[in-house]
Amino acid sequence: GVNNTVLSQIYNCFDLYVQYSNSEGFGMPQVEAAACGVPVCGTNYSAMEDVIPKLCGQTIDVLTLQYERETGCQRAIPDDKSAVEVFDAFFNMSEEAREIHRKITREAYLSNYNWDKTAQKWMDIIKSVDWLKEMAADRQAKVEIDQRYALKDAAQSHRDLESRKTTGSTILLP
């Protein structure tokens, strides 16, 4: 890998960061590009559905979803025509408009992705879990787990989660 200074220099070579992929676990490259003030666009699927709008980015439509036999997951096939429309609109902006877009992207990054906000969200989650555990211990609340998977079936639990066969209230047991 490269250090953050070099990575920032690389991102700043771009006019537009494009995540033209069939799925994405979180979208860290989009967030990194936006942190540098580089406008982003990407396939409107998976984590990118959530990340790109928060960065004031442009989405590329999905042409179709394709079943991947190896993982049992759906993969997006991006629509090339949609991508061309996004690129055309962006590169036909004036230099001044693109500079404004860079600033908007950076501000969107700062307001949606920063360590203080992330830490606060985790603290809220941890506090809510502690509260829920206390209620469950006092029998004031009932906690139900919809699915249980043996640890050896972790890949299947992931496939079920990605294909939306589960709501996420799933645990893995050793």
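Because the structure is predicted, anything quoted here is derived from the model rather than measured.

Hey, could you run me through unusual backbone geometry in this one?
Negative phi is the rule for most residues except glycine; trans is the rule for most peptide bonds. A positive phi angle, close to 60 degrees, is found at serine 46, a residue other than glycine. By the secondary structure assignment, serine 46 is in the loop between β2 (40–43) and α3 (48–54). The phi torsion at cysteine 56 lies on the positive side, around 55 degrees, for a residue other than glycine. With respect to the element layout, cysteine 56 can be found in the loop between α3 and β3 (58–60). Assessed through its relative accessible area of 33%, cysteine 56 is described here as partly exposed.

Where do I start with the packing of helix α2 (residues 28–35) against helix α5 (residues 95–112) in this structure?
Two numbers describe a pair of packed helices, the interaxial angle and the distance between the axes. Where α2 meets α5, the axes come as close as 8 Å, and the angle between the chain directions of the two elements is 120 degrees. Comparing the axis directions of α2 and α5 gives the class oblique. Considering how the two elements wind past one another, α2 and α5 form a crossing that is left-handed. For the pair formed by α2 and α5, the contact residues are Val31, Ala34 and Ala35 on the first element and Thr105, Arg106 and Tyr109 on the second.

Explanation requested: the nonpolar core in the structure shown.
If you look at soluble globular proteins, the nonpolar side chains tend to sit buried side by side. Of all hydrophobic cores here, the largest spans twelve residues; its members are Tyr11, Tyr17, Val31, Ala33, Ala34, Cys36, Val38, Val40, Val51, Leu55, Tyr109 and Tyr113. By residue number, the principal contributor to this core is α2, which donates three residues. Once residues lying within four places of it in the same chain are set aside, the contact partners of tyrosine 113 are Phe26, Val31, Val51, Lys54 and Leu55. Of all hydrophobic cores here, the second largest spans six residues; its members include Leu16, Ile60, Ala83 and Val86.

Got a minute to help me understand the pairing of strand β4 (residues 62–68) in this structure?
Taken residue by residue, a regular strand's side chains alternate between the two faces of the sheet. Pairing geometry for β4 and strand β5 (residues 73–78), over six bridges, is antiparallel. Looking at β5, one finds that tyrosine 67 is bridged to glutamine 74. Counted between consecutive antiparallel strands, the loop separating β4 from β5 contains four residues, among which glycine 72 sits at a positive phi close to 75 degrees.

Quick question: what am I supposed to make of the pattern of salt bridges here?
Oppositely charged side chains can pair when the atoms bearing their charge come close. Evaluation of the coordinates by the stated rule reveals three salt bridges. Across the pair aspartate 50 and lysine 54 runs a salt bridge whose closest N-O atoms are separated by 3.1 Å. Of the two residues, aspartate 50 and lysine 54 both sit in helix α3, four residues apart, roughly one turn of that helix. In this structure lysine 54 comes out as partly exposed when scored by relative accessible area, which is 31%. In this structure, glutamate 68 engages arginine 75 in a salt bridge whose closest nitrogen and oxygen atoms are separated by 3.1 Å.

Criteria and thresholds
- Residues numbered from 1 in each chain as written.
- Predicted model: local features only at pLDDT ≥ 70, side-chain atom pairs only at ≥ 80, totals over all residues.
- Heavy atoms only, no water.
- Helix = DSSP H or I, 4+ residues; strand = E, 2+ residues; numbered from the N terminus.
- Buried < 20%, exposed > 50% of the residue type's maximum accessible area, 1.4 Å probe, protein only.
- Axes fitted to C-alpha atoms, helices over the stretch in contact; angles between N-to-C directions.
- Parallel < 35°, antiparallel > 145°, perpendicular 65-115°, else oblique.
- Left-handed = near helix turned anticlockwise from the far one by under 90°.
- Contact = heavy atoms within 4.5 Å.
- Core = buried A, V, L, I, M, F, W, Y, C linked by side-chain atoms within 4.5 Å.
- Pairing = 2+ DSSP bridges.
- Salt bridge = Lys/Arg side-chain N within 4 Å of Asp/Glu carboxyl O.

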